[in-house]
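Fold and geometry: a report
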Amino acid sequence: EYLHFLHHHVNFLFIVDLRRHISTLHHLLVFLCFYLSFTTLMVLFFFFFQAEDGIRDAQESRGLGDVYKRQYQRRVRGAFNESMASHERMITVMRHSVRLDDDEHAEWPDKMERPYDTPITDLHLPEQQAQLLQDRGLAGYQLLVCSPFRRCLQTAGIVARVLGVTRVLVDKAFGEKMHSVRALQQLVWGDTKPADGVVEYLSEQEQERLLKEGSDGVVESVEFCGDMPDPDEPAIEATARYSAGTARVRDELCFGDGGNALGKVLVVAHGDTVDGTVRSFSNEVVYSADECSWVCFSFDEERNPSRVGSNRLESMMLE
């Protein structure tokens, strides 16, 4: 009986001890499950908001991978590839700021004589986008190439001030497409004058004044080149003109074919110039380019392009 009692007592103690350990193990497992669930939620929360930022910024690119790239179309607002930011040969093309004639009732002193040459209304936007280029390391330009139209000259002066660009080349090859010139002539002149597409540019003295005053004196040197495009130029030829112009900037200015290489060049022109640049250096087309949108391409020694940044534009890949 004593042995039976002892055996029963020992079994009882063993069961009690085992239950205590099981209870401890249960609490430990509950804690581990809670910890893992909490950690998983935090990771998912982090990546969700990172993804949301990525959608807003649409981090494009060859170097970072196209996480948000669709098969045929992608948004490229705010795109940037840090690995290429310090490339020595680079072209950035920016559209002008907001046009005054976006308001159909807008007036300016020479509107009747030159209805295609509206001023800009937003002076802050070029400054903001130029600062963004600076912040992203996409600066250090040796030359700014500009369309001779007033809205581009005004935008270029502000951008030159922020980025410290002292030299400007005004090139008629980057002027507005002639189809748009004719359309504005027709809109304002009606039947009083023929919409012939002939552009009467501001005088070189006036163009230089706009650039220097707009840059608060940062622009020191202004040169002029190019001829007025054919007044009967179709819209599709204008895009080809812009593509050829940016290719020429790459070869003659960035790489210095036949002269000194400048390395980095900034072009301030029109929305179709941004599209022409993207067409020239990639397999994409731009279908939306907001005011002061820009795209930046760098080039290796073999002149192969890489898009290293863009903002305020949308493009889609060609099949």
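Residues numbered from 1 in each chain as written. Predicted model: local features only at pLDDT ≥ 70, side-chain atom pairs only at ≥ 80, totals over all residues. Heavy atoms only, no water.

Further remarks concern the overall build of the chain. Assigned secondary structure in the chain consists of seven helices and eight strands. Counting only residues that meet the buried cut, the chain has 46% of its 319 residues in that class. Once local pairs closer than 6 in sequence are excluded, the contacts in the chain between residues at least 24 apart make up 73%. When the accessible surface of the chain is split by element, carbon and sulfur atoms take 56% of a total near 16,900 Å². (Helix = DSSP H or I, 4+ residues; strand = E, 2+ residues; numbered from the N terminus. Buried < 20%, exposed > 50% of the residue type's maximum accessible area, 1.4 Å probe, protein only. Contact = heavy atoms within 4.5 Å. Areas by Shrake-Rupley, 256 points an atom, 1.4 Å probe, with all protein chains shown as cover.)

A few words now on the side chain of Lys177. With respect to the helices and strands, the residue Lys177 is situated in the loop between strand 4 (167–171) and helix 4 (178–189). Given a relative accessible area of 17%, Lys177 falls into the buried group. Among all residues touching Lys177, those that are not within four sequence positions of it are Glu233, Ala238, Arg241, Tyr242 and Asp272.

With 14 residues, helix 3 (residues 150–163) extends 20 Å from end C-alpha to end C-alpha; this agrees with the ideal 20 Å at 1.5 Å per step. The buried fraction of helix 3 is high, at twelve of 14 residues. Regarding helix 3, the residues found buried are Arg150, Arg151, Cys152, Leu153, Thr155, Ala156, Gly157, Ile158, Val159, Ala160, Val162 and Leu163. Of the residues one or two after helix 3, Gly164 is the one with positive phi, at around 70°. (Expected span 1.5 Å × (residues − 1).)

Assignment of secondary structure puts Gly214 in helix 5 (residues 204–214). Sequence separation between Gly214 and Leu123 is 91 residues, and the spatial gap between their C-alpha atoms is 9.6 Å. When neighbours within four sequence positions are excluded, Gly214 is seen to be in contact with Gly157, Ile158, Arg161 and Arg209.

Positive phi outside glycine occurs at Asp216, with the angle close to 55°. We classify Asp216 as exposed; its relative accessible area is 61%.

By size, the foremost hydrophobic cluster in this structure holds 31 residues, and its most contacted members are Leu138, Tyr141, Leu144, Leu163 and Val168. Listed by contribution, the elements that provide at least two residues to this core are strand 2 (90–95), helix 2 (124–135), strand 3 (143–146), helix 3, strand 4, helix 5, strand 6 (264–269) and strand 7 (284–299). By residue number, the principal contributor to this core is helix 3, which donates seven residues. Setting aside residues no more than four positions away along its own chain, Leu163 makes contact with Ala130, Leu133, Gln134, Ala139, Tyr141 and Leu266. (Core = buried A, V, L, I, M, F, W, Y, C linked by side-chain atoms within 4.5 Å.)

Counted according to the given criterion, the structure contains five aromatic pairs. Here the aromatic cluster, defined as three or more aromatic residues joined through ring pairs, consists of Phe255, Phe281, Phe297 and Phe299. Between the NZ or CZ atom of Lys172 and the centre of the ring of Tyr201, over which it lies, the distance is 5.1 Å. Residue placement shows Arg303 over the ring face of Phe255; its charged tip is 4.4 Å from the ring centre. (Phe/Tyr/Trp six-rings, centres within 6.5 Å; stacked < 30°, edge-to-face > 60°. Lys NZ or Arg CZ within 6 Å of the ring centre and 35° of its normal.)

Next up on the list: the side chain of Asp171. Take Asp171: it is sitting in strand 4. A distance of 2.9 Å separates a polar atom in the side chain of Asp171 from a polar atom in the side chain of Arg248. Setting aside residues no more than four positions away along its own chain, Asp171 makes contact with Val145, Cys146, Ser147, Pro148, Cys225, Gly226 and Arg248. (Polar contact = N/O pair within 3.5 Å; in protein donor to acceptor, adjacent residues only side chain to side chain.)

Axis separation between helix 2 and helix 3 bottoms out at 9 Å; the angle between their running directions is 40°. Considering only the axes of helix 2 and helix 3, their crossing is right-handed. The residues of helix 3 that touch helix 2, namely those facing Pro126, Glu127, Ala130, Gln131, Leu133 and Gln134, are Thr155, Ile158, Val159, Arg161, Val162 and Leu163. Taken together, the residues of the contact of helix 2 with helix 3 break down into seven nonpolar, three polar and two charged. (Axes fitted to C-alpha atoms, helices over the stretch in contact; angles between N-to-C directions. Left-handed = near helix turned anticlockwise from the far one by under 90°. Nonpolar A, V, L, I, M, F, W, Y, C, P; charged D, E, K, R; others polar.)

Its location among the elements puts Met316 in strand 8 (residues 305–317). Note: C-alpha distance between Met316 and Glu284 (32 residues apart in sequence) is 5.4 Å.

Among the six residues of strand 2, six are classified as buried, and the element is accordingly described as predominantly covered. Because side chains alternate across strand 2, one face comprises the buried residues Met90, Thr92 and Met94, and the other comprises Ile91, Val93 and Arg95, equally buried. Strand direction decides the pairing type here: strand 2 and strand 6, joined by six bridges, are parallel. Considered in strand 6, the bridge of Ile91 is made with Val265. Sheet analysis places strand 2 next to strand 7, joined by five bridges and oriented antiparallel. Residue pairing for strand 7: Thr92 is matched across the bridge by Cys296. (Pairing = 2+ DSSP bridges.)

Before going further, it helps to spend a moment on the confidence of the model for the chain. Summarising the model, the chain shows a mean pLDDT of 82, and 73% of its residues fall at 70 or more. Within the model, the stretch residues 12–16 combines pLDDT values under 50 with zero contacts to residues more than four positions away or in other chains. (pLDDT = per-residue confidence, 0-100.)

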